[in-house]
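Coordinate inspection notes
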Amino acid sequence: MGLQRPPEPFHRVYSAPEPPSPPRGPRLLKLLAVLAAFAVAGAGVFLVVPGRSQSGGGGSDAAAVAQMPAGASHSPVRPREFVRSLPSPCQAVSRATVDRTVPKARPRQSGNSTLTTCTYSAEGSPSRWLRVEAHLYAPDDTATPVEDAANLYDERWEQAHDAPPVRTISLRRHEGLGDEAYRWFKADEAGPAVIGQVTARTRNAVLTVSYSEHAPGAAERRALERACLDRATAVAREAVAALNHF
């Protein structure tokens, strides 16, 4: 066996040591700062740009921002719930209306805070007169003012039905005046006269307007029915409108 060749010398390749990796803390903080900025921007868009409510319905935008107009009230505007007071007994109807209904009438009045009556009598004609009566159930006096007024209205409606047939000529409900109303045309044998009466309820107040004219015979009574009821209705309409301001 011959001599073995000595192994060739192994040359080790030298490589410089790798530099240490930069610390991760600052980069992570920068990333978190960017994400936070995006989150704030997104929240701002959500507050300013209208979007659907969380309920998913098609209603108004729950997150929309609307600027309140200058001088506007923060409370919702609601229609007047109650009649708070009554006008003076002879102030519910204008003098011009009274003069058209009973020319040269002399007023006579009485009343308090819950019941007022004004009667206009014609000179030289005792059978011709106009009476306006208002009854108020004040919310300060009762817990159920509208219900109490409705009960009074129902009582008067029943009383009209219970009147003798010879006295009642017509009795019908009437639309478009207050919350509810009826018109009653009746005879007054003592007069002799006919009376067109309108009773109306508007919320917690009950109003009764009566207009009388001389009518000695049955034929005259029938002829005066429409005119008497129309005069009483016109006065009642003006008086109901006056109650809306009290």
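See the structure printed just above.
Summary of the structure given here. (Residues numbered from 1 in each chain as written. Predicted model: local features only at pLDDT ≥ 70, side-chain atom pairs only at ≥ 80, totals over all residues. Heavy atoms only, no water.)

1. Some thoughts on the packing of aromatic side chains
On inspection of all chains with the given rule, the structure shows two aromatic pairs. One residue, R173, lies across the ring of W157, its end atom 4.1 Å from the ring centre. Above the plane of the ring of W184 lies K186, whose end atom (NZ or CZ) is 3.9 Å from the centre. (Phe/Tyr/Trp six-rings, centres within 6.5 Å; stacked < 30°, edge-to-face > 60°. Lys NZ or Arg CZ within 6 Å of the ring centre and 35° of its normal.)

2. Some words on empty space enclosed by the protein
If you walk through the whole model with that rule in mind, you get one cavity of 30 Å³ or more. For the largest cavity, the full set of lining residues is P87, S88, P89, A92, T116, V132, E133, A134, L207, A239 and L243. Of all elements in the fold, only β3 (129-136) and α4 (218-243) reach the threshold of two or more residues within the lining of the largest cavity. (1 Å grid on protein atoms, 1.4 Å probe; cavity = no way out; pocket = protein on both sides within 12 Å on 5 of 7 lines; lining within 4 Å. Points joined across faces, edges and corners; volume = space filled by probe spheres on them. Helix = DSSP H or I, 4+ residues; strand = E, 2+ residues; numbered from the N terminus.)

3. Considering the sheet that holds strand β2 (residues 115-122)
The seven strands lie next to each other as β1-β2-β3-β7-β6-β5-β4, forming an open sheet whose pairing is antiparallel. Of all the strands in the sheet, the pair left with one neighbour each is β1 (105-111) and β4 (168-173). Strand-to-strand, the axes of this sheet are offset by a mean angle of 10°, without reference to chain direction. Here five bridges tie β4 to strand β5 (residues 180-188), and the two strands are oriented antiparallel to one another. Note that in β5 the partner of L171 across the bridge is W184. Docked against the sheet, helix α3 (residues 145-162) engages β3, β4, β5, β6 (193-202) and β7 (205-214), running at close to 30° with respect to β5. (Pairing = 2+ DSSP bridges. Axes fitted to C-alpha atoms, helices over the stretch in contact; angles between N-to-C directions. Contact = heavy atoms within 4.5 Å.)

4. So, the environment of S170
With respect to the helices, strands and loops of the structure, S170 is situated in strand β4. Between the C-alpha atom of S170 and that of F185, which follows or precedes it by 15 residues, the distance is 5.2 Å. Other than its neighbours up to four places away in sequence, S170 contacts R183, W184, F185, E225 and L229. A distance of 2.7 Å separates the side chain of S170 from the side chain of E225, its partner in a polar contact. (Polar contact = N/O pair within 3.5 Å; in protein donor to acceptor, adjacent residues only side chain to side chain.)

5. Side note on the state of the cysteines
Under the definition given, this model contains one disulfide. One disulfide in the model links C90 with C118; its S-S distance is 1.9 Å. For the disulfide bridge between C90 and C118, the dihedral angle about the S-S bond is near 95°, and by the sign convention the bridge is right-handed. Of this pair, C90 sits in the loop between α1 (25-48) and α2 (95-101) while C118 sits in strand β2, and the two are 28 residues apart along the sequence. A relative accessible area of 13% means that C90 is categorised as buried. (Disulfide = S-S within 2.5 Å. Buried < 20%, exposed > 50% of the residue type's maximum accessible area, 1.4 Å probe, protein only.)

6. Some details on the pairing of β1
Bridge analysis of β1 against β2 gives seven bridges, and the strand direction is antiparallel. Paired with R106 across the two strands is S121, which belongs to β2. Here β1 folds back onto β2 in antiparallel fashion, the turn holding three residues.

7. Concerning α4
Its 26 residues give α4 an end-to-end C-alpha distance of 36 Å, which sits within 8% of 38 Å, the value for a rise of 1.5 Å per residue. Within α4, the axis deviates most sharply at L224, by approximately 45°. (Expected span 1.5 Å × (residues − 1). Bend = angle between axes of the 7 residues up to and from the residue.)

8. Description of unusual backbone geometry
Of note in this structure, K104 is not a glycine but carries a positive phi near 55°. Here K104 shows up in the loop between α2 and β1. Judged by its relative accessible area of 66%, K104 is exposed.

9. Describing the environment of A160
Looking at the element boundaries, A160 is found in helix α3. Judged by relative accessible area, which is 2%, A160 ranks as buried. Setting aside its immediate chain neighbours within four residues, A160 contacts T168, L171, Y182 and W184.

10. Digging into α3
With 18 residues, α3 extends 26 Å from end C-alpha to end C-alpha; this agrees with the ideal 26 Å at 1.5 Å per step. Of all the positions in α3, only P145, D148, A149, A150, L152, Y153, R156, W157 and A160 are classed as buried. Against β3, β4, β5, β6 and β7 lie the buried residues of α3.

Functional significance is not addressed by these values, which are geometric in nature.
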